[in-house]
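Spelled out, the chains give:
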Amino acid sequence: MEPMQEAYGYAGRMAELTVSGLRVVREIALSGSFTAAARLLGYSQPAISRQVAAMEAAAGYPLFVREPRGVRVSAAGAVVVEHAGRVLASVDALQQDLAALGDRLAGRVKLGVFPAAMSVLAPRAVALLRDKHPGLAVSLSEGATPSLLRQLRAGRLSVAVIGAGAGLPGYDFDGFTRQVVLAGRLRVAVPPGHRLAKAAVVPVTELAGETWIAGDDSGGDPQFGAWPTLANPVITHTVRGWPARFGLVAAGLGICLVPEVAALSVPAGVATVGVEDPGWPGRMTVAVTRQQPAAEAVAVMDALREAGAAIRGDIELRGIGAAT
């Protein structure tokens with residue numbers, strides 16, 4: 001290796017390895033080309049090349065082997081990439097710790113969520129809070145709506161996320177503040193090969209004669225059964241938990257309702273279909289907190305609204321419908 005070190009002018013210049021250079025080298029290794037790395041990092045192609053040249057000069061070895069269809073990592077490049085992952089993770093943690101110094105929000109906040117919102121909405125909201133308020137520790141729990149509201153009233157929760165709207169009980173919200181997080185519609189999950197599997201939206205009349213998989217309401221929360229306006233629907237299975245429902249659907253044993261707040265969690269092999277039903281007023285996902293909430297609770301509400309807006313955008317962008 002010594003002749004190559006001399007060719008790169010290496011004379012103990014390891015201090016010239018930079019964080020930005022490590023990011024570039026790692027991205028090139030992951031993407032397989034300078035062009036792809038430039039696009040992903042928002043750099044120009046010459047800027048990427050200059051970063052690599054500087055890193056190779058600092059390391060004293062070539063980091064990539066240029067090939068007709070891209071690049072591959074050299075032995076020295078593999079060492080740099082291995083260390084880059086750890087170094088960059090530490091730098092990101094440092095930046096979060098520094099950001100926490102200027103963030104007035106710190107301590108713990110407790111968020112309770114009904115099951116349908118646990119798969120996508122809650123994790124996204126918690127991730128947003130981690131990035132925006134790194135000093136704020138979020139305790140996340142899942143529960144039935146009546147239990148969540150009792151805990152909120154007793155001060156054991158800061159914010160509760162529940163479903164509200166047609167077909168649900170008229171809960172006591174006295175002393176609470178409510179904000180709509182996602183005015184989502186209901187969709188229908190169907191198995192691959194089902195006659196509706198490739199449709200984006202169908203009229204409610206298309207659901208007549210289908211067999212349904214319903215949720216078990218023994219936990220105290222109203223569950224999703226058949227489509228709400230259908231007369232005399234046939235329910236063949238009643239189970240607890242979304243994985244069981246989706247598993248039965250994927251096996252072709254029936255169809256089930258899916259609220260849009262959970263639509264992005266539908267597994268491969270199951271399609272979700274929109275339904276046009278003028279007789280169904282719909283439901284909403286609502287964040288509830290006590291009146292005059294603390295700043296920490298307000299931050300949670302803001303994150304939930306942002307996550308809800310992102311879910312709506314992803315659903316529209318992906319055109320959720322056909323099974324994969």
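Quick summary incoming for the structure in this document. Here, residues in each chain are numbered from 1, in the same order as that chain's written sequence. Only residues with pLDDT of at least 70 are given local features in this predicted model, and only at 80 or more are side-chain atom pairs given and counted; all residues enter the totals for whole chains, interfaces and linings. Computation of side-chain values covers all heavy atoms of the structure but excludes hydrogens and water.

As for the overall build of the protein chain
Thought 1: In terms of helices and strands, the protein chain carries 9 helices and 13 strands.
Thought 2: Here the protein chain holds 324 residues, and 44% of them are scored as buried.
Thought 3: When contacts within the protein chain are restricted to residue pairs at least 6 apart in sequence, those whose partners lie at least 24 apart make up 74%.
Thought 4: Entry remark: accessible area of the protein chain is about 16100 Å², with carbon and sulfur atoms responsible for 54%. Where helices and strands are cited, they refer to DSSP runs of H or I of at least four residues and of E of at least two residues respectively, numbered from the N terminus. Burial status follows relative accessibility: with a 1.4 Å probe on protein chains alone, a residue under 20% of its type maximum counts as buried, one over 50% as exposed, and anything between as partly exposed. In this description, contact between two residues means that some pair of their heavy atoms is separated by no more than 4.5 Å. Throughout, the Shrake-Rupley method with a 1.4 Å probe supplies accessible areas, and for residues the shown protein chains are the sole cover considered.

Remarks on helix H6 (residues 121–132)
Thought 1: Compared with the 16 Å implied by 1.5 Å per residue over 12 residues, the 17 Å span of H6 between its first and last C-alpha is a close match.
Thought 2: Buried within H6 we find Leu 121, Ala 122, Ala 125 and Leu 129. Along H6, the residues classed as buried sweep out an arc of 90° about the axis, all on the same side. The length a helix should cover is 1.5 Å for every residue beyond the first. Our arc is simply the arc of the directions from the helix axis toward the C-beta atoms.

Some details on the packing of aromatic side chains
Describing an aromatic ring pair means giving the distance of the ring centres and the angle of the ring planes.
Thought 1: Each Phe, Tyr or Trp ring, with Trp reduced to its six-membered ring, pairs with another whose centre is within 6.5 Å; inter-plane angles below 30 degrees give stacked pairs, above 60 give edge-to-face pairs, and intermediate values give tilted ones. Applying the stated criterion to the full structure yields 4 aromatic pairs.
Thought 2: Plain terms: the ring middles of Phe 34 and Phe 64 are 5.9 Å apart, the flat faces sit at 75° to each other, and that makes the pair edge-to-face. Of the two residues, Phe 34 sits in helix H3 (residues 34–41) while Phe 64 sits in strand E1 (residues 64–67), which places them 30 residues apart along the sequence.
Thought 3: Phe 64 gets classed as buried once you look at its relative accessible area, which sits at 4%.
Thought 4: Members of the aromatic cluster, connected to one another through ring pairs, are Phe 224, Trp 242 and Phe 246.
Thought 5: Distance and angle both matter: a charge sits over a ring if NZ of Lys or CZ of Arg is within 6 Å of the ring centre and within 35 degrees of the ring normal. Over the ring of Trp 242 we find Arg 245, and its NZ or CZ is 4.1 Å from the ring centre.

Considerations on the packing of helix H2 (residues 19–31) against helix H4 (residues 45–59)
Between two packed helices, both the angle of their axes relative to each other and the distance between the axes serve to describe the pair.
Thought 1: The interhelical angle for the contact between H2 and H4, taken along N-to-C directions, is 105°, at an axis separation of 9 Å. In terms of their interaxial angle, H2 and H4 are classed as roughly perpendicular. Of the residues in H4, those touching H2 at Ser 20, Gly 21, Leu 22, Val 24, Val 25 and Ile 28 are Ile 48, Gln 51, Val 52 and Met 55.
Thought 2: By the convention adopted, Pro, Cys, Tyr, Trp, Phe, Met, Ile, Leu, Val and Ala count as nonpolar, Lys, Arg, Asp and Glu as charged, and the other residues, Gly among them, as polar. The class makeup of the residues in the contact of H2 with H4 is 7 nonpolar, 3 polar and no charged. Here the axes come from fitting lines to C-alpha atoms, over the contacting stretch only for helices, and the angles between their N-to-C directions go from 0 to 180 degrees. Relative orientations are named as follows: roughly parallel for angles under 35 degrees, roughly antiparallel for angles over 145 degrees, roughly perpendicular for angles from 65 to 115 degrees, and oblique for any other angle.

Let's talk about the sheet that holds strand E12 (residues 271–276)
Thought 1: Strands are labelled as partners when DSSP assigns at least two bridges between them. Spatial strand order, E8-E12-E7-E11: 4 strands in an open sheet with mixed pairing. Because the sheet does not close on itself, it has two edges, and the strands there are strand E8 (201–203) and strand E11 (256–259). In this sheet, neighbouring strand axes are inclined to one another by 45° on average, regardless of whether the strands run parallel or antiparallel.
Thought 2: Across 3 bridges, E8 lies against E12 in parallel orientation. Directly across from Val 202, in E12, lies its bridge partner Val 275.
Thought 3: Across the sheet, helix H8 (residues 242–250) lies against strand E7 (186–190) and E11, angled at about 130° from E11, the strand it touches most.

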